[in-house]
Each structure stands twice: as C-alpha cells, then as structure tokens.
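Now for the letters of each chain:
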Amino acid sequence: QVQLVESGGGLVQAGDSLRLSCATSERTVTAYSMGWFRQAPGKEREFVAAISWNQYTRSYADVVKGRFTISRDNAKNTVFLQMNSLKPEDTAVYYCVARRGPFSGATRVAADYDYWGQGTQVTVSS
C-alpha cells in the first residue's frame, strides 16, 4: 500500500509562510500525479493544488493562486506546498494526495486520486 505522510503544518499568523511536505513510501512516485486538498471544520473538502508526474502541468485553486506553489522532488519521493501570505481562511487540515499513473494532467477532482495522507493541520490566526 502507498503511504503519504504530511508534515510542516502549524500555527502561524496572517501573512506568515509555511512549507508543507509530503513523503511517500512509494518508490515509484515519479510516475504519480500529486496534489493537495484541504478541509476546514464544517466545510467541504477543497482542492488546493496539483502537479503532474512530469511537472509540466500545475493546477491551483483560484483562492491560492499567486500565494501557494506546488513542487516536487521525484528523486526524494517528496512533494511540497509552499504557502505564502497565509490568511485565516487558509486554516484547514491539508491532505497530500496521489494518483497512480503517468498522467499528463493535474486534476482538481478529489475522486481522481487514489491515495490520501492523514493530513496536517494549518492554523492561521488573524
């Protein structure tokens, strides 16, 4: 089974930055599309960002575009989410996701992803 482990969450103030990391137990992560979703209390799961296996395609939710950057280091089996200019509305549990297969796209659809991490909490105070 594929295991995704998120880290890097925490409590920060508005305007601060965080970098989330997602380490995978799957050695062939190079062939996976990867992404991030988040879910705040009382709200539906929300797409954040995704990146194709070849890194040619990236997708961002409109609310994070320009502030967040998704990247990956395939050699280290790790995906990152650099979050700058954080806002209180960014407060949520952030989940790393993986889609098996060398797809060229970076889907925004949660159901398209095969594996989910346990999540890491990001809290942004005013």
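Residues numbered from 1 in each chain as written. Predicted model: local features only at pLDDT ≥ 70, side-chain atom pairs only at ≥ 80, totals over all residues. Heavy atoms only, no water.

Caption draft 1: Main features of the side chain of Arg 38. Among the secondary structure elements, Arg 38 is positioned in strand β4 (residues 32-39). Given the relative accessible area of 5%, Arg 38 is considered buried. In terms of polar contacts, Arg 38 uses its side chain to reach the side chain of Asp 90, at 2.9 Å. Within polar-contact distance, the side chain of Arg 38 engages the side chain of Tyr 94 at 2.8 Å. Not counting residues within four places of it along the chain, the set of residues in contact with Arg 38 comprises Glu 44, Arg 45, Glu 46, Val 48, Val 63, Val 64, Phe 68, Glu 89, Asp 90, Ala 92, Val 93 and Tyr 94. (Helix = DSSP H or I, 4+ residues; strand = E, 2+ residues; numbered from the N terminus. Buried < 20%, exposed > 50% of the residue type's maximum accessible area, 1.4 Å probe, protein only. Polar contact = N/O pair within 3.5 Å; in protein donor to acceptor, adjacent residues only side chain to side chain. Contact = heavy atoms within 4.5 Å.)

Caption draft 2: View of the pairing of strand β9 (residues 92-100). Of all nine residues in β9, eight are buried; the element is thus mostly enclosed. Judged from the eight bridges that link them, β4 and β9 form a sheet pairing that is antiparallel. Note on β9: the bridge partner recorded for Gly 35 is Val 97. Where β9 meets strand β11 (residues 120-125), three bridges bridge the pair, whose relative direction is antiparallel. By the bridge assignment, Tyr 94 is partnered in β11 with Thr 120. Two elements, β9 and strand β10 (residues 115-116), share two bridges in a ladder whose sense is antiparallel. The partner of Val 97 across the bridge, within β10, is Trp 116. (Pairing = 2+ DSSP bridges.)

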